[in-house]
Amino acid sequence: MRVTVTEFMTLDGVTQGPGSADEDTSDGFTAGGWLVPHMDETFIQQASQWLDLADGLLLGRRTYEAFASDWPQITDPGDPFTERMNALPKYVVSSTLTELPWQPATLLGGAAIEAVSSLRSRPSGELQVHGSNTLAASLLEAGLVDALRLVVAPTALGAGRELFGRNAISLGFRLTQHTATPAGLLILEYEPTGQAAVADHEGVVAAVTASHGK
């Protein structure tokens, strides 16, 4: 089972509260809803195609509780996500939750790395992390992520929780897909490649030659 991480992100790296003003106000965050003005049909189609690949959702406590509060309440028959989000198996990484009202769901406890390693060995589609940036950062650092999908909004907030910056090791990625939507979102898909590559600059010719060799 491939482990994929999808994060909505601002230009300055903020991932907190993309969907509404009250989605996540922890630590005094007041700029929620920054993704919504830039959502368009191209973005919706891509998000739906990604969800088609899911055999399960892997969520941290904060994201599970937010999703459990919102998704069961959506009754619009035209919504392209609701039925699938509610029906997919959820695997929840938390050392504090004792009940999982949004079913079907399995509590993995706090040992995320061991549990995800076991799930990753299953021969099926994708185990998708949506949001849950603390969990996502841990999985990236442990080398358990097969694809990182970023939807980057053309805005900078100056404050808010971020995906990167908490990792203890450097991380390298290879860009595998990219597109820009009419509303200005950048949709980027990366394959993790281990630690970040570094080198000394030896001139333009050497840089071009090296890039052709990749």
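Each chain has its residues counted from 1, running along the sequence as written. Per-residue local features are limited, in this predicted model, to residues with pLDDT of at least 70; the limit for side-chain atom pairs, both in listing and counting, is 80 or more; totals at the level of whole chains, interfaces and linings are taken over all residues. Here the side-chain values reflect all heavy atoms present in the structure, with hydrogen atoms and water set aside.

Undergrad: Run through the sheet that holds strand E2 (residues 54-60), naming residues and quoting values.
TA: Strands are labelled as partners when DSSP assigns at least two bridges between them. Secondary structure elements follow DSSP: runs of H or I of four or more residues count as helices, runs of E of two or more count as strands, with numbering from the N terminus. Ordered by their spatial adjacency, eight strands build an open sheet running E4-E3-E2-E5-E1-E6-E8-E7, and the pairing between neighbours is mixed. Of all the strands in the sheet, the pair left with one neighbour each is strand E4 (105-109) and strand E7 (172-180). If you compare each strand with its neighbour and ignore which way they point, the axes differ by 25° on average. Examined bridge by bridge, E2 and strand E3 (residues 90-93) share four bridges and lie parallel to one another. Bridging from a neighbouring strand, Leu58 pairs with Tyr91 of E3. Contacts were defined at the residue level, with two residues in contact if any of their heavy atoms lie within 4.5 Å. To get an axis, fit a line to the C-alpha atoms, keeping to the stretch in contact for a helix; angles then go from 0 to 180 degrees between the N-to-C directions. Relative to strand E8 (residues 186-194), helix H1 (residues 41-52) is tilted by about 40°, and along the sheet it contacts strand E1 (2-10), E2, strand E5 (126-130), strand E6 (147-153) and E8.

Undergrad: How would you explain the pattern of salt bridges if you had to name every residue and give the values?
TA: By definition here, a salt bridge exists when the distance from a side-chain nitrogen of Lys or Arg to a carboxyl oxygen of Asp or Glu is within 4 Å. Per the counting criterion, the structure on display carries nine salt bridges. Put simply, Asp24 and Arg161 hold a salt bridge, and the shortest N to O gap is 2.3 Å. Of this pair, Asp24 sits in the loop between E1 and H1 while Arg161 sits in the loop between E6 and E7, and the two are 137 residues apart along the sequence. Burial status follows relative accessibility: with a 1.4 Å probe on protein chains alone, a residue under 20% of its type maximum counts as buried, one over 50% as exposed, and anything between as partly exposed. The class for Asp24 is buried, based on a relative accessible area of 11%. Glu189 is the salt-bridge partner of Arg149, the closest N and O atoms lying 3.3 Å from each other. With Arg149 in strand E6 and Glu189 in strand E8, this pair connects stretches of sequence that are 40 residues apart. In this structure Arg149 comes out as buried when scored by relative accessible area, which is 2%. A network of salt bridges, in which partner residues are shared, links Arg2, Glu126, Arg149 and Glu189.

Undergrad: Let's hear about the environment of Leu107: which residues, and what values?
TA: Relative to the helices and strands, Leu107 is located in strand E4. Looking at Leu107, the relative accessible area reads 35%, which means it is partly exposed. In this view, Leu107 contacts Val92, Ser94, Leu97 and Leu100; residues no more than four positions away in its chain are not counted.

Undergrad: I'd love a proper account of the nonpolar core, names of residues and values included.
TA: Buried Ala, Val, Leu, Ile, Met, Phe, Trp, Tyr and Cys residues form a nonpolar core when they are joined through side-chain atoms within 4.5 Å. Of all hydrophobic cores here, the largest spans 25 residues; its most connected members are Leu58, Leu127, Leu139 and Leu163. Of all elements in the fold, only E1, E3, helix H4 (112-120), E5, helix H5 (133-141) and E6 reach the threshold of two or more residues within this core. Ranked by residues supplied to this core, first place goes to H5 with five residues. Those residues in contact with Leu139 that lie beyond four places of it in its chain are Val3, Leu58, Ile113, Val116, Val129, Leu144 and Val145.

Undergrad: Lay out H4 in plain terms, naming residues and giving numbers.
TA: Helical geometry note: an α-helix holds 3.6 residues per turn, so side chains three or four residues apart project in the same direction. Of all the residues in H4, the buried ones are Ala112, Ala115, Val116 and Leu119. The buried residues of H4 all sit within an arc of 95° when viewed along its axis, so they share a single face. The secondary structure elements touched by the buried residues of H4 are E1, E2, E3, E4, E5 and H5. Note that the arc is defined by the directions from the helix axis to the C-beta atoms.

Undergrad: Give a detailed account of the environment of Gly19, specifying residues and quantitative values.
TA: The topology assignment puts Gly19 in the loop between E1 and H1. Remark: the alpha-carbon pair of Gly19 and Thr30, spanning eleven residues in sequence, is separated by 12 Å. Aside from chain neighbours lying at most four places away, what touches Gly19 is Gly33 and Val36.

Undergrad: Could you give me a rundown of unusual backbone geometry, with the residues and numbers involved?
TA: At the junction of Gln103 and Pro104, the peptide bond is cis and its omega measures out at -5° in the coordinates. Position of Pro104 relative to the elements: it lies in the loop between E3 and E4. A positive phi is found at Asp27, a non-glycine position, where the angle reads about 60°. Assignment of secondary structure puts Asp27 in the loop between E1 and H1. One non-glycine residue, Ser132, lies in positive phi territory at about 50°.

Undergrad: Give a detailed account of the pairing of E2, specifying residues and quantitative values.
TA: Burial analysis of E2 places six of its seven residues in the buried class, the great majority of the element. With four bridges connecting them, E2 and E5 associate as parallel partners. Bridge pairing in E5 links Ala54 to Glu126.

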